[in-house]
Amino acid sequence: MPLTAQFALLAEVSADFLILPIFEEEAPAGALAQLDARLGGVLTRLRQSGDITGKANEITPLLDRAGAATTRLLAVGLGKRSAADQFALRDAGAAASRALTDRPRQRLAMALPDGLDAAASAHALGVGLLQGCDGPGIRKSKPERFAPQELWLVAPPAAPIDAVREATHRAAIEGKAIALARELVNLPPSELYPESFAARATQVAGASGFTCTILDEKQLEAERMGALLAVARGSDRPPRLIVLRYNGGNRPLLGLVGKGVTFDSGGLSLKSSEQMADMKCDMAGAAAVLGAVSAIAELRLPVSVLGVLAVVENMPGGRAMKLGDVLHARNGKTIEVLNTDAEGRLILADALSYAVDQKASHLVDLATLTGACMVALGEDVAGLMGNDPAWSDNVLAAAWRAGERAWPLPMFPAYGELIKSNVADIKNITGKRFAGAITAAKFLEHFVGTVPWAHLDIAGPAWADAESPTRDAGGTGAFVRTLIELAREYK
Ligand code: BES
Ligand code: MN
Ligand code: ZN
């Protein structure tokens, strides 16, 4: 749905709901004070009576709006002004739209908060509003969430028009990219499998203006992708390597690689039902790369990007790889498989070496790679590992700008000893419980040659087990915006 900027007095905005941002411990000021006067001081009275506090994400509908053109109002708390960073703004936007999308509405409008940078707040609020518009219930026979026909950000007539328009445009495109990544994660695995993922990517590429090339099984064999093909062999669904290219100028090539396991049963090292229940989310890395490349193309960023999505199902079929098997990866290295549930690193091995040969200047891979990363950092923080501190710092800075949380884990050479194999060059697990996120990254490091590479383990942040006032359960679209930010500053 379109998100656009309006420049108007709040009393004149005619919408189904006008959302008002309220700071804690602060009387209405600026445009909000003007509106309050038109409303006969109702905001001031509700604040004095303690019914509106402005606490973060507090939602108060005001159905009596005599004096204003809007049909209804909704106050949303931003918390204290000093803490109103982009996280707080995005959350408030999402809380408000989550509360209002329970039924079909024509027009939702949200006022920009007084006294903050108008463009920055339009961007953060816009992304949040869009994120709050759709939920995980994509196959309910009776829909429970309804994106509005139109969504407006309302800035005062004196606001910097071009900057607010540009920020709103960015938010609209980024919001769409996040929605795509979330939808792909939320789709049932019987609907989203390697071939259907490839078809969708082709469609997105056409709509957004980049190219998409699909490698099928025969071509993967010709590429000698023995590790990726071994994972795929346990499934009746053939694998695909999806290659995305966007050329925004003759520049160094940013390579983005995504893990796309459309369902991870564990293979012969079968997961329990409890562990397997959410494993349709195991393609979130690939979905994030597709979403990000589509936004980078739509924003016409002056960069060149290569996206490589390794898309397979990990199943325990009759031809499945076995424990003790030795795989021949594309770059010539041999891998002993001692646990078929450590499949992500196997498919990424071949995808990374492919990206290296496509002359990527720098690499980032995104993968729901290890439960160990969640043990280390929790459910909302991605692990960041790599082979080049300066490049990792770049990725960390991009995550910071995007308002997403990643944190470095060490890559000391000694960790590499833990994946040496007796029969092959390396093995796909250590056999011990320790440092599982890092040893997985150490495995990947064998396949990136000398290219600066950063690995984001998004096993935690890619998926939300339960909903909260500011976020729906299911796919989150995590790190889509980090990749866009990275591309924005990539030179
Ligand atoms: N896809 C899983 C990792 C995962 C776990 C993602 C939980 C999201 C939530 C991955 O393929 C996996 O199974 N990893 C194993 C590795 C182990 C066998 C070394 C794990 O983390 O247990
Ligand atoms: Mn697995
Ligand atoms: Zn997996």
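Structure first, text after, so check above.
Residues numbered from 1 in each chain as written. Chains lettered and ligands numbered in written order. Predicted model: local features only at pLDDT ≥ 70, side-chain atom pairs only at ≥ 80, totals over all residues. Heavy atoms only, no water.

1. Section: the side chain of threonine 439
- Position of threonine 439 among the secondary structure elements: in helix 15 (residues 436-445).
- Look at threonine 439 and you get buried, because its relative accessible area is 3%.
- Separated by 3.4 Å, the side chain of threonine 439 and the backbone oxygen of glycine 436 make a polar contact. (Helix = DSSP H or I, 4+ residues; strand = E, 2+ residues; numbered from the N terminus. Buried < 20%, exposed > 50% of the residue type's maximum accessible area, 1.4 Å probe, protein only. Polar contact = N/O pair within 3.5 Å; in protein donor to acceptor, adjacent residues only side chain to side chain.)

2. Some words on the coordination of the zinc ion (ligand 3)
- Protein ligation of the zinc ion (ligand 3) involves Lys259 (NZ), Asp264 (OD), Asp282 (OD) and Glu343 (OE), the donor distances falling in the range 2.0 to 2.4 Å.
- Relative to the metal, the six donor atoms surrounding the zinc ion (ligand 3) lie at angles of 78 to 175 degrees, and the coordination shape comes out octahedral.
- Each donor residue of the zinc ion (ligand 3) belongs to the same chain, and together they define the spacing K-x4-D-x17-D-x60-E.
- A separation of 3.1 Å is found between the zinc ion (ligand 3) and the manganese ion (ligand 2), which share aspartate 264 as a coordinating residue. (Donors = N, O, S within 2.8 Å, 3.2 Å for Na, K, Ca; no water. Tetrahedral: all angles 85-135°; square planar, octahedral: opposite > 155°, others 65-115°.)

3. A short note on the coordination of the manganese ion (ligand 2)
- For the manganese ion (ligand 2), every protein donor is listed as Asp264 (OD), Asp341 (O), Asp341 (OD) and Glu343 (OE), and the spread of their distances is 2.0 to 2.2 Å.
- For the manganese ion (ligand 2), the six donor atoms in the first shell make angles of 70 to 170 degrees at the metal, a pattern classed as irregular.
- In terms of primary sequence, the donors binding the manganese ion (ligand 2) are separated according to D-x76-D-x1-E.
- On the basis of relative accessibility, which here comes to 1%, the residue glutamate 343 falls in the buried class.

4. Looking at the environment of aspartate 117
- Position of aspartate 117 relative to the elements: it lies in the loop between strand 5 (107-111) and helix 4 (118-131).
- By relative accessible area, which is 52% here, aspartate 117 ends up exposed.
- Sequence separation between aspartate 117 and valine 164 is 47 residues; the distance between their C-alpha atoms is 9.5 Å.
- Polar contacts involving the side chain of aspartate 117 include one to the main-chain amide nitrogen of alanine 120, which spans 2.8 Å.

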